[in-house]
Amino acid sequence: MESEFADVNLSAVAGAIADPARARMLCLLLDGRARTATELASAADIGASTASSHFQRLREQGLVEMAVQGKHRYFRLANGEVAHALEALLVVAGAERVPFKPNTPSALREARTCYDHMAGTLAVRIHDAMIARQWLTPDGRDYVLTPLGEASLAQVGVDVAQARQRRRRFACACLDWSERRSHLGGALGAALLDAVVQRGWITKDLDSRALSVTRKGARQFPAFFGQPDGQSLAQHANGWTPADTHAAA
C-alpha cells in the first residue's frame, strides 16, 4: 500500500523543502549540528512566528526533529537519510554549504565540564568514537553500554557497576552547546570524567569550567579512543591533538 502513495509522499516532502526559507534552514543543519529556532529564523531572515510554522511543516514530513536541552529547544535533521537526500539536491543545484563557526571562547570550546561530565570538542569526539567502536548503542535518547564497551572502559578505570547504581539516567546523549552535537551524559559520563582525572589525563581549572588535557592525556586519548578503521582520535578529528591546545605538565 505504501508504494501506491509513494508519489504523493514524495510530492509532500518536496513541497516542504521547496520553500526558500525552509530550504536554507535545512542546509544550515547539514553539518550535523543542532540550532535554535532563533538562529535558524535569523539565518532565513524570517520572523519567529513564521519560523514556527515552517518547523511544524518540516517535522510533519520527517525532515527535522526537536531536541530539548534544559530550557532551550534545538532543531536538527531527523536522520542520515535526510542529509543524504539534501546533499544530492545540493549537487544538482550546484550550491556550497556554509561551515559552522562557533563563537564559544576557545578554552571552553575544546574541553569543559557540563555539570559533572565532559563537554566540548574533546567530549564530542570521544562520544563519536565510542559509537563507532560499538561500545555504546543508541536506545532512544539513551545508550546501552555493550559488553565490549564495559570491558574497554574498565581498562581506563571507569567503575561501571557503581555508575549503574546511581539514581539517575545511566548513559544518555547530552547536546553540546558549543559543538551543537551530542556528548556523553548521565552517570556513565560522570564516571568517565572521574576516571580520566584520576589517571591524570585531564585537569580541572580552579576558576572556570575549562578542562585541560595533560601531556599524558595527549598521548592516551588518541590511543584509547582510536577509530575502528585504524585512525586515531586525533586523525579522525582533522589533525587536532590535545597537545596543540591546552596541554599541561
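- The name that an unreviewed UniProt entry assigns to the protein chain is HTH arsR-type domain-containing protein, with the source organism given as Achromobacter kerstersii.

### Looking at the overall build of the protein chain
And step 1. A tally of regular secondary structure across the protein chain gives twelve helices and eleven strands.
And step 2. Scored against the burial criterion, the 249 residues of the protein chain give a buried share of 43%.
And step 3. Here the analysis covers contacts within the protein chain between residues at least 6 apart in sequence; of these, 58% occur between residues at least 24 apart.
And step 4. Only carbon and sulfur atoms are counted for the fraction: they give 51% of the accessible area of the protein chain, which is about 13,500 Å².

### Quick word on the packing of helix 1 (residues 6-18) against helix 2 (residues 20-28)
And step 1. Across the interface, helix 1 lies against helix 2 with an axial gap of 5 Å and an inter-helix angle of 90 degrees. In terms of axis orientation, helix 1 runs roughly perpendicular to helix 2. Contacts between helix 1 and helix 2 pair Gly 15, Ala 16, Ile 17 and Ala 18 from the former with Pro 20, Arg 22, Ala 23 and Leu 26 from the latter.
And step 2. Here the residues of the contact of helix 1 with helix 2 sort into six nonpolar, one polar and one charged.

### Section: the packing of helix 2 against helix 4 (residues 48-60)
And step 1. The contact between helix 2 and helix 4 brings their axes to 10 Å, and the two run at 70 degrees. Here helix 4 runs roughly perpendicular to helix 2, going by the angle between their axes. Considering how the two elements wind past one another, helix 2 and helix 4 form a crossing that is right-handed. Of the residues in helix 4, those in contact with Ala 21, Arg 22, Met 25 and Leu 26 of helix 2 are His 54, Phe 55, Arg 57 and Leu 58.
And step 2. Across the contact of helix 2 with helix 4, the residue classes tally to five nonpolar, one polar and two charged.

### Quick notes on the sheet that holds strand 1 (residues 35-36)
And step 1. Read from one edge to the other, the open sheet built from three strands follows the order 1-3-2, with strand pairing classed as antiparallel. Each edge of the open sheet carries a strand with a single partner, namely strand 1 and strand 2 (64-69).
And step 2. Relative to strand 3 (residues 72-77), strand 1 runs antiparallel, the two being bridged by two bridges. Bridge assignment links Thr 36 to a residue of strand 3, and that residue is Tyr 74.

### What to know about unusual backbone geometry
And step 1. Unlike most non-glycine residues, Asp 45 shows phi in positive territory, near 60 degrees.
And step 2. Considering the arrangement of structural elements, one finds Asp 45 in the loop between helix 3 (37-44) and helix 4.
And step 3. We classify Asp 45 as exposed; its relative accessible area is 69%.
And step 4. A positive phi angle, close to 60 degrees, is found at Arg 180, a residue other than glycine.
And step 5. Positionally, Arg 180 belongs in the loop between strand 8 (172-175) and strand 9 (182-185).

### Focus: helix 2
And step 1. All buried positions along helix 2 are accounted for by Ala 21, Arg 22, Met 25, Leu 26 and Leu 28. Taken down its axis, helix 2 places every buried residue within 160 degrees of arc, on the same side.
And step 2. Near the N-terminus of helix 2, the side chain that reaches the backbone nitrogen of Ala 21, with its oxygen 2.9 Å away, is that of Asp 19.

### With respect to the pairing of strand 9
And step 1. As judged from the four bridges shared by strand 8 and strand 9, these two strands associate in the antiparallel manner. Counterpart to Cys 174 in the pairing with strand 9 is His 183.
And step 2. The loop that links strand 8 with its antiparallel partner strand 9 comprises six residues; one of these, Arg 180, has a positive phi angle of about 60 degrees.

Rules and cut-offs
- Residues numbered from 1 in each chain as written.
- Predicted model: local features only at pLDDT ≥ 70, side-chain atom pairs only at ≥ 80, totals over all residues.
- Heavy atoms only, no water.
- Helix = DSSP H or I, 4+ residues; strand = E, 2+ residues; numbered from the N terminus.
- Buried < 20%, exposed > 50% of the residue type's maximum accessible area, 1.4 Å probe, protein only.
- Contact = heavy atoms within 4.5 Å.
- Areas by Shrake-Rupley, 256 points an atom, 1.4 Å probe, with all protein chains shown as cover.
- Axes fitted to C-alpha atoms, helices over the stretch in contact; angles between N-to-C directions.
- Parallel < 35°, antiparallel > 145°, perpendicular 65-115°, else oblique.
- Nonpolar A, V, L, I, M, F, W, Y, C, P; charged D, E, K, R; others polar.
- Left-handed = near helix turned anticlockwise from the far one by under 90°.
- Pairing = 2+ DSSP bridges.
- Arc of directions from axis to C-beta.
- Polar contact = N/O pair within 3.5 Å; in protein donor to acceptor, adjacent residues only side chain to side chain.

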